[in-house]
Amino acid sequence: MSTITVALGTDRARRLRAALTVVLATAAAVGAPFYFAPFQVFQLTMVLLYSVALAGLNLLVGFGGQISLGHGAFFAAGAYSAAVMLDRYDTGHLATLPVAAAGCFVLGLGFGVPALRLRGLYLALVTLSFAVFLPPLLKRLEPVTGGSMGLTVDKLQPPAWGGLAEDQWTYFVVLAVTAGALLLARNLLRSRIGRALLAVRDNESAAEVMGVRLSLHKTLAFAWSAMFAGVAGCLYTWVIGFVSPDSFSFVLSITLLAGLVVGGLASLYGPLLGAAFVMYVPSVAQDVSEAAPGVVFGLLIIMVMFVAPTGLAGLPGRVLGAVARRLPRLTAALDLTPQAGSAPDAEPKSRAEDGPSATLPPADPAVVDAEPVGAPPRTEKE
């Protein structure tokens, strides 16, 4: 009964901490656009939309165990879907979101077919080829995509009744979409689909024996991942208001994968931390060295991975584990140090308290009959 009570108390405390974290994070997110400058609000908005793309990549790489170097292509597909609808058909911004999500989901289903036969570096090369040939293809489709000049569309405009600036309104819309996307990713991972993805990642043979359809779940992993990237690309069009093929080179795919690894694979908070890394670290590298920002960016990635091999999301647990391992040693050292320092001074007292048997040296047979100190002298008769 006591074990059940302790377990219930622990679960209740965990839920309380989670609820408190959500409340504090929500308060900070809602108050951020009223505290920071417009450019800083824009940076936070970009962090949010990048986190959506990384959440989809996390489903594929972190939880699915597959490698993708072409995630930037799905990002570009979602961005161009929204831009073409806004420019050619003059639809509303919100109408472009489900179209971009559905289109990229179908594209991911088709692109997930190679994942059934390929794995590892071979799959990575196939996905990288998709990211490499898409920008030239967008330049060729000039009547639709605008070619090398790209497309310029209207940004999100705040409603008159809101009383918000353009950057604040855009931030709140992107925040709402990001919260919904992250919640969907969390629910997917806790559903049968998520458990099947984890089983396939850990051991494909064992998962197949347990009844998991490998072909279905590998393809669905690509589809869901592409859908999240398409949503992020649509948000990108809303925020920037301009798309061009040069904005979606294969470097974007590499940067997204690096951001996920730095943030933390197979972590619910890793995409947010990785998105912040992708957004802010290149700016820091540019400030440090305008001649070679890429070198500084690479060195910063190496430093982060050296300090946190499991990503920034695993750094607190790593620090707490190191403290927990060293705390008993530190406590033992603190307990032993006073005793060692006071041992010579305390030795007479301890001997006096331990009694004669502990303080006197062992008796020598040669002096057993010696006269005790203070005894009267013996006579010859005695």
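Above this text sits the structure in question.
About the thresholds
Residues numbered from 1 in each chain as written. Predicted model: local features only at pLDDT ≥ 70, side-chain atom pairs only at ≥ 80, totals over all residues. Heavy atoms only, no water. Helix = DSSP H or I, 4+ residues; strand = E, 2+ residues; numbered from the N terminus. Buried < 20%, exposed > 50% of the residue type's maximum accessible area, 1.4 Å probe, protein only. Contact = heavy atoms within 4.5 Å. Areas by Shrake-Rupley, 256 points an atom, 1.4 Å probe, with all protein chains shown as cover. Expected span 1.5 Å × (residues − 1). Bend = angle between axes of the 7 residues up to and from the residue. Phe/Tyr/Trp six-rings, centres within 6.5 Å; stacked < 30°, edge-to-face > 60°. Patch = residues over 30% accessible without salt bridge, like charges linked within 9 Å, V, L, I, M, F, W, Y side chains within 5 Å. Salt bridge = Lys/Arg side-chain N within 4 Å of Asp/Glu carboxyl O. Core = buried A, V, L, I, M, F, W, Y, C linked by side-chain atoms within 4.5 Å. Disulfide = S-S within 2.5 Å. Axes fitted to C-alpha atoms, helices over the stretch in contact; angles between N-to-C directions. Parallel < 35°, antiparallel > 145°, perpendicular 65-115°, else oblique. Left-handed = near helix turned anticlockwise from the far one by under 90°. Nonpolar A, V, L, I, M, F, W, Y, C, P; charged D, E, K, R; others polar.

Okay, the overall build of the protein chain next. Counting its regular elements, the protein chain contains 15 helices and 2 strands. Looking at the protein chain as a whole, 37% of its 382 residues are labelled buried. For the protein chain, long-range pairs separated by at least 24 residues make up 76% of all intrachain contacts whose partners lie at least 6 apart in sequence. Surface accessibility of the protein chain: about 22,200 Å² in total, with carbon and sulfur atoms responsible for 67%.

The subject of this paragraph is helix H5 (residues 121-140). Its 20 residues place the ends of H5 29 Å apart at the C-alpha level, agreeing with the 28 Å of an ideal helix rising 1.5 Å per residue. The largest bend in H5 amounts to roughly 30 degrees and is located at Leu134, with the proline Pro135 lying one to four residues further along. Within H5, the full set of buried residues consists of Leu123, Ala124, Thr127, Phe130, Ala131, Leu134, Pro135 and Leu138. Those residues of H5 hidden inside the fold are in contact with helix H3 (71-88), helix H4 (93-111), helix H6 (142-145), helix H10 (214-240) and helix H11 (250-263).

The full count for this structure, using the stated rule, is 17 aromatic pairs. Relative to Phe111, the ring of Phe74 has its centre 5.9 Å away and its plane inclined at 80 degrees; by these criteria the two rings are edge-to-face. Here Phe74 is found in helix H3, whereas its partner Phe111 is found in helix H4, with 37 residues between them in sequence. With respect to class, Phe74 is no different from Phe111; both count as buried. Look at Tyr171 and Phe172: their rings are 5.5 Å apart centre to centre, the planes differ by 70 degrees, and that puts the pair in the edge-to-face class.

Turning next to the environment of Phe228. Take Phe228: it is sitting in helix H10. Accessibility expressed as a relative area gives 1% for Phe228, which makes it buried. Taking the C-alpha atoms as reference points, Phe228 and Cys104, separated by 124 residues in sequence, lie 8.2 Å from one another. Sequence-distant contacts of Phe228, that is, excluding residues within four places in its chain, are made with Val52, Ala53, Gly56, Leu59, Ala181, Leu184, Ala185 and Leu188.

Taken together, the side chains of Val319, Val323, Leu327, Leu330 and Leu334 make up a nonpolar region of the molecular surface, amounting to roughly 470 Å² of accessible area. Residue position: Leu327 is located in helix H14 (residues 315-354). With a relative accessible area of 46%, Leu327 lands in the partly exposed category.

With that settled, consider the nonpolar core. Counting residues in each nonpolar core, the largest one holds 75 residues, and the members touching the most others are Leu49, Tyr50, Phe75, Tyr171, Phe228, Leu235 and Phe248. Of all hydrophobic cores here, the second largest spans 8 residues; its members include Val281, Val296, Ile301 and Val304.

Bringing the state of the cysteines into the picture now. Tallying each qualifying case throughout the model produces 0 disulfides. Left without a disulfide partner, Cys234 is nearest to the cysteine sulfur of Cys104, which lies 9.2 Å away.

Another aspect to go through is the packing of H4 against H10. When two helices pack together, you describe them by how their axes are tilted relative to each other and by the distance separating the axes. At a closest axis distance of 7 Å, the pairing of H4 and H10 adopts a crossing angle of 150 degrees. Looking at the two axes, H4 sits roughly antiparallel to H10. The hand of the H4/H10 crossing is right-handed. Residues His93, Leu94, Thr96, Leu97, Ala100, Ala101, Cys104, Phe105, Gly108, Leu109 and Phe111 of H4 form the contact with H10, whose participating residues are Thr219, Leu220, Phe222, Ala223, Trp224, Ala226, Met227, Gly230, Val231, Cys234 and Trp238. Considered class by class, the residues forming the contact of H4 with H10 number 17 nonpolar, 5 polar and no charged.

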